[in-house]
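Spelled out, the chains give:
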Amino acid sequence: ARLVLLGSSWRGDQMSDFTTRVLETVSRALHCAPETLGLGTHFTFDLGIDSLDAIEVMIGIEDTFGIEFPDDAMEHIFTIGDLAGFVRHETAHAA
């Protein structure tokens, strides 16, 4: 799929179901519209999340994808793309 940079968000002509599920899970946890999010969206700089918001995102991802976050995982996840990569890695190793 062709990717186009829109502000700080990556948009594809056809996003994968996996990416869509990550974006929808984040949007539910943070109470924002999924179309305002992209893989390049930075949790702190673009969304201004705090530690409680990060926990909400982690819980949503754990429930949606059936994985568990290590205690320090969010220290290394800065963008939604980072989160999607982490989830893809964890789900591949859980299978």
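As a reminder, the structure under discussion sits directly above these lines.
Remember, it's a predicted structure, so these values are computed and weren't measured experimentally.

**Quick look at a nonpolar patch on the surface**
Moving on, step 1. Taken together, Leu52, Ile55 and Ile59 make up a surface patch of nonpolar side chains, about 280 Å² in accessible area.
Moving on, step 2. Note that isoleucine 55 resides in helix H2 (residues 51-65).
Moving on, step 3. In this structure isoleucine 55 comes out as partly exposed when scored by relative accessible area, which is 41%.

**Observations concerning helix H1 (residues 17-30)**
Moving on, step 1. Here H1 spans 20 Å end to end across 14 residues, near enough to the 20 Å set by a 1.5 Å rise per residue.
Moving on, step 2. Looking at the buried side of H1, the elements it contacts are H2 and helix H3 (80-94).
Moving on, step 3. Histidine 31, located one to two residues past H1, shows a positive phi value of around 55°.

**Some words on the packing of H1 against H3**
Moving on, step 1. At their nearest, the axes of H1 and H3 sit 10 Å apart, and the two run at 120° to each other. What the angle tells us is that H1 and H3 run oblique. Here H1 runs over H3; the crossing is right-handed. Together, Phe18, Val22, Leu23 and Val26 of H1 and Ile80, Leu83, Ala84, Val87 and Arg88 of H3 make up the contact between the two elements.
Moving on, step 2. Within the contact of H1 with H3, the residues separate by chemical class into eight nonpolar, no polar and one charged.

The rules behind the values
- Residues numbered from 1 in each chain as written.
- Predicted model: local features only at pLDDT ≥ 70, side-chain atom pairs only at ≥ 80, totals over all residues.
- Heavy atoms only, no water.
- Patch = residues over 30% accessible without salt bridge, like charges linked within 9 Å, V, L, I, M, F, W, Y side chains within 5 Å.
- Areas by Shrake-Rupley, 256 points an atom, 1.4 Å probe, with all protein chains shown as cover.
- Salt bridge = Lys/Arg side-chain N within 4 Å of Asp/Glu carboxyl O.
- Helix = DSSP H or I, 4+ residues; strand = E, 2+ residues; numbered from the N terminus.
- Buried < 20%, exposed > 50% of the residue type's maximum accessible area, 1.4 Å probe, protein only.
- Expected span 1.5 Å × (residues − 1).
- Contact = heavy atoms within 4.5 Å.
- Axes fitted to C-alpha atoms, helices over the stretch in contact; angles between N-to-C directions.
- Parallel < 35°, antiparallel > 145°, perpendicular 65-115°, else oblique.
- Left-handed = near helix turned anticlockwise from the far one by under 90°.
- Nonpolar A, V, L, I, M, F, W, Y, C, P; charged D, E, K, R; others polar.

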